[in-house]
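# Commentary on secondary and tertiary structure
The chain contents come next:
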Amino acid sequence: MIAVVTAATAIVVITGCSGGSRVDSESNGAVSTAEARQSVQDIVDRTASSLEGDWEVYSGPSVEQCSKSDGSDGAAYRYIKALAKPTGEPETDIAVVEKLWEETGITTQPYESGGDDPILGLRGAGGPTTSISFLADTRRYTVSATSECADGDAVEMQRNGE
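Everything numeric in this text was worked out from a predicted model, so none of it was measured.

Calculation rules
Residues numbered from 1 in each chain as written. Predicted model: local features only at pLDDT ≥ 70, side-chain atom pairs only at ≥ 80, totals over all residues. Heavy atoms only, no water. Helix = DSSP H or I, 4+ residues; strand = E, 2+ residues; numbered from the N terminus. Contact = heavy atoms within 4.5 Å. Buried < 20%, exposed > 50% of the residue type's maximum accessible area, 1.4 Å probe, protein only. Lys, Arg positive; Asp, Glu negative; His and termini not counted. Salt bridge = Lys/Arg side-chain N within 4 Å of Asp/Glu carboxyl O. Polar contact = N/O pair within 3.5 Å; in protein donor to acceptor, adjacent residues only side chain to side chain. Disulfide = S-S within 2.5 Å. pLDDT = per-residue confidence, 0-100.

## Quick word on the environment of Gly 126
Mapped onto the secondary structure, Gly 126 falls in strand β4 (residues 120–126). Each C-alpha atom, one on Gly 126 and one on Glu 148, is 8.7 Å from the other, the two residues being 22 residues apart in sequence. Aside from chain neighbours lying at most four places away, what touches Gly 126 is Gly 105 and Ile 106.

## Some thoughts on the side chain of Asp 93
Locating Asp 93 in the fold gives a position in helix α3 (residues 90–103). Despite being buried, Asp 93 has no salt bridge partner; Lys 99 is the closest side chain of opposite charge, sitting 14 Å away. At 2.8 Å, the side chain of Asp 93 and the side chain of Tyr 141 are in polar contact. Apart from residues lying up to four places away in sequence, Asp 93 is in contact with Leu 51, Gly 88, Phe 134 and Tyr 141.

## Describing the environment of Gly 127
Counting through the fold element by element, Gly 127 comes out in the loop between β4 and β5 (129–137). Along the sequence, Gly 127 and Glu 148 sit 21 residues apart, while their C-alpha atoms lie 9.1 Å from each other.

## Side note on the state of the cysteines
As used in these notes, a disulfide is a covalent bond between sulfur atoms, one from each of two cysteines. With the rule as written, the count across this model stands at one disulfide. A sulfur-sulfur separation of 2.0 Å characterises the disulfide bridge that pairs Cys 66 with Cys 149. Of note, the bridge from Cys 66 to Cys 149 carries an S-S torsion of about 95 degrees and is right-handed in sense. Of this pair, Cys 66 sits in strand β1 (residues 56–67) while Cys 149 sits in the loop between β6 (140–147) and α4 (154–159), and the two are 83 residues apart along the sequence.

## Considering the side chain of Glu 64
By secondary structure assignment, the location of Glu 64 is in strand β1. Among the polar contacts made by the side chain of Glu 64, one reaches the side chain of Arg 78 at a distance of 3.2 Å.

## Quick notes on the confidence of the model for the protein
Regions with low pLDDT should not have their predicted coordinates read in detail. Residues at a pLDDT of 70 or more form 81% of the protein, whose mean pLDDT is 81. Considering each helix and strand of the protein separately, the mean pLDDT is smallest for helix α1 (residues 2–15), with a value of 41, and largest for α3, with 96. Predicted confidence for residues 1–29 stays below pLDDT 50, and this span has 53 contacts to residues more than four positions away or in other chains.

Structure representation (structure tokens):
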């Protein structure tokens, strides 16, 4: 169980908050922190809902500092949900998630950990996220995502409990 969560965290750190902020075509401005939070929460919740089981919030949405494309600091949200006792087949569930993400504008890439009993999954970027991962271990599934980098002071937001 800890290995799966550690692997999920490693993927988020590796793909991390790489900066850049989405330009909203209607307002022609950067995404707000409220939009960033809502979009990451929506895609993680939609991913979890696409698969059977009693998913629980593992972490977040929590704010963290990121770098915007202009080099200035911003705020992004990370959100993780976990399913303790998956009932599906990992390969089938990965295909369901891949279809959902691609329909949402997320570019996907298969993931497989090393070792004798590798954990399968999917990584993605784009759409409403900077990075997203789905790990389909037969013992535990996790969905973890980081929002786009938005205007905001993450340190101040953390102090205020946002």
